[in-house]
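Structure assessment
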Amino acid sequence: MRRIAHISDLHFGRTDTAVVEGLAAELNRDPPDLIVASGDFTMRARRNEYAQARAFLDRLTAPWIAVPGNHDIAYFKLFTRFFHPFGRYRRFIARDTEPTFLDDEIAVVCLNTVRTWAPETDWSQGKITRAQIARTEERLAALPGHVFRIVVGHHPFMPPPWDAEARLVGRADEALDAFRRHGVGLTLAGHLHRHYARFAEAPETGAEPDTVTVDRGRAQAGGNRLLAVQAGSATSTRLRGNEPNAYNRIVIEDGRATVTVRVWTGAAFEDAREGDSLPRAAEERTGESEAAGR
């Protein structure tokens with residue numbers, strides 16, 4: 001059995017101090033085998049924000065693996081964005097923007113979905129290149145056959161149930177096809193500051209995304225099905241959909257993954273109630289919209 005904590009969109013520079021302290025305390029009180037951070041450590045990729053993010057990571061007792069998010073590269077300093085986009089990320093967080101974790105039971109393969117520019121005004125959207133997909137297939141093919149496989153990116157691979165036309169990471173369908181070919185059981189992502197989980201069915205099955213486990217506090221994956229899991233914002237004040245801060249606890253056992261959402265109640269993190277829609281915050285808090293995107 002392996003236990004994973006999936007955190008995302010911490011956004012140091014726009015955090016709730018009480019939530020930051022509560023998350024660090026919880027992760028250290030009951031440490032998982034691995035913490036997966038799916039990007040957006042900072043708000044504007046400033047040095048002081050990165051220093052805060054690094055200080056948070058240094059407090060954690062469990063090992064962690066991470067990918068950058070679109071907020072982790074400079075938005076206004078275009079020279080830095082175009083020529084040294086991940087310099088501060090590599091200095092403060094990790095040298096590798098596409099790391100891999102492997103032990104006797106699980107494999108976590110990370111993809112950097114952040115792009116420095118796009119032929120549109122919204123540069124926050126992500127994309128996976130065909131070269132990245134090919135490299136990811138090579139990485140997955142090299143793994144031992146018995147391990148449970150997880151792919152991590154910042155941008156979503158599946159749309160939320162309330163917005164079928166939502167922007168996904170570029171080439172999401174191609175990537176999901178590749179992941180299915182190599183037996184991936186979970187994808188983990190963030191970016192939207194909302195939790196949901198959807199099965200990514202192969203197109204040839206003719207099946208619609210599973211609605212039983214969509215937007216629930218608990219979901220299960222297994223039996224050769226790929227579950228795309230999104231995390232809410234773990235610590236940011238930029239909340240959406242009246243959802244509280246949240247992160248995912250994942251248990252991998254006997255080839256199955258059980259995902260439980262842990263939500264901030266104002267005093268501590270607690271499990272979302274099984275079978276219910278994801279609880280909303282007691283006091284509605286809506287994040288401000290910003291030109292830089294999510």
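Scroll up to find the structure this text is about.
What comes next concerns the included structure. As the structure is a prediction and not an experimental result, all values here were calculated from the model. (Residues numbered from 1 in each chain as written. Predicted model: local features only at pLDDT ≥ 70, side-chain atom pairs only at ≥ 80, totals over all residues. Heavy atoms only, no water.)

1. Considering the overall build of the chain
Spelled out, the test is: Helix numbering and strand numbering both begin at the N terminus, where a helix is a DSSP run of H or I of at least 4 residues and a strand a DSSP run of E of at least 2. Per-residue accessibility, obtained with a 1.4 Å probe over protein chains only, is compared with the maximum for each type, and a residue is labelled buried under 20%, exposed over 50%, and partly exposed between these values. We call two residues in contact when some of their heavy atoms are within 4.5 Å. The method behind every accessible area is Shrake-Rupley, applied with a 1.4 Å probe, and residues are considered shielded solely by the protein chains displayed.
In terms of regular secondary structure, the chain is built from six helices and 13 strands. Each of the 294 residues in the chain was classed as buried or not, and the buried ones make up 56%. Taking contacts inside the chain between residues at least 6 apart in sequence as the whole, the part at least 24 apart equals 78%. Summing over all exposed atoms, the chain offers an accessible surface of approximately 12,600 Å²; the carbon and sulfur share of this is 49%.

2. As for the pattern of salt bridges
What counts here: Salt bridge, as applied in this entry: a Lys or Arg side-chain nitrogen positioned within 4 Å of an Asp or Glu carboxyl oxygen.
Scanning the model with the defined rule gives 16 salt bridges in all. The partner of E49 in a salt bridge is R46, with the nearest N and O atoms 3.2 Å apart. The exposure class assigned to E49 is buried, which follows from its relative accessible area of 3%. On the basis of relative accessible area, R46 is assigned to the partly exposed category, the value being 41%. Of the charged contacts, one joins E174 and R171 as a salt bridge, the two residues approaching to 4.0 Å between their closest N and O atoms. Classification of E174 by relative accessible area gives partly exposed; the value is 32%. Accessibility expressed as a relative area gives 26% for R171, which makes it partly exposed. Here the residues in one salt-bridge network are E26, R29, R262 and D271, joined through shared partners.

3. Observations regarding the nonpolar core
In plain terms, the rule: Joining through side-chain atoms within 4.5 Å is the link that ties buried Ala, Val, Leu, Ile, Met, Phe, Trp, Tyr and Cys residues into a set, and such a set is a nonpolar core.
With 30 residues, the main nonpolar core has I7, L23, F41, F56 and I93 as its most contacted residues. Elements with a minimum of two residues in this core: β1 (2-7), α1 (17-29), β2 (34-37), α2 (47-59) and α4 (87-92). Residue contributions to this core peak at five residues, all from α1. Not counting the four nearest positions on each side in its chain, F41 is found in contact with L10, H11, F12, A53, L57, A66, V67, D72, Y89 and I93. Among the nonpolar cores identified, the runner-up in size contains 23 residues, and L34, I65, L188 and F199 belong to it.

4. What to know about the sheet that holds strand β10 (residues 227-230)
Quick reminder of the rule: We call two strands paired when DSSP finds no fewer than two bridges between them. In this analysis an axis means a line fitted to C-alpha atoms, helices contributing only their contacting stretch, and an angle means the value between N-to-C directions, from 0 to 180 degrees.
Taken together, the six strands give an open sheet; going across it, the order is β4-β5-β6-β7-β10-β8, and neighbouring strands pair in mixed fashion. For this open sheet the edge positions go to β4 (100-102) and β8 (196-199), each flanked by a neighbour on one side alone. The average angle at which neighbouring strand axes cross in this sheet is 15°, direction not considered. In the sheet, strand β7 (residues 184-189) pairs with β10 via four bridges, with the strands oriented parallel. Within β10, the residue paired with L186 across the bridge is L227. Where helix α5 (residues 130-141) meets the sheet, its contacts fall on β4, β5 (106-110), β6 (148-152) and β7, and the angle it forms with β5 comes to roughly 165°.

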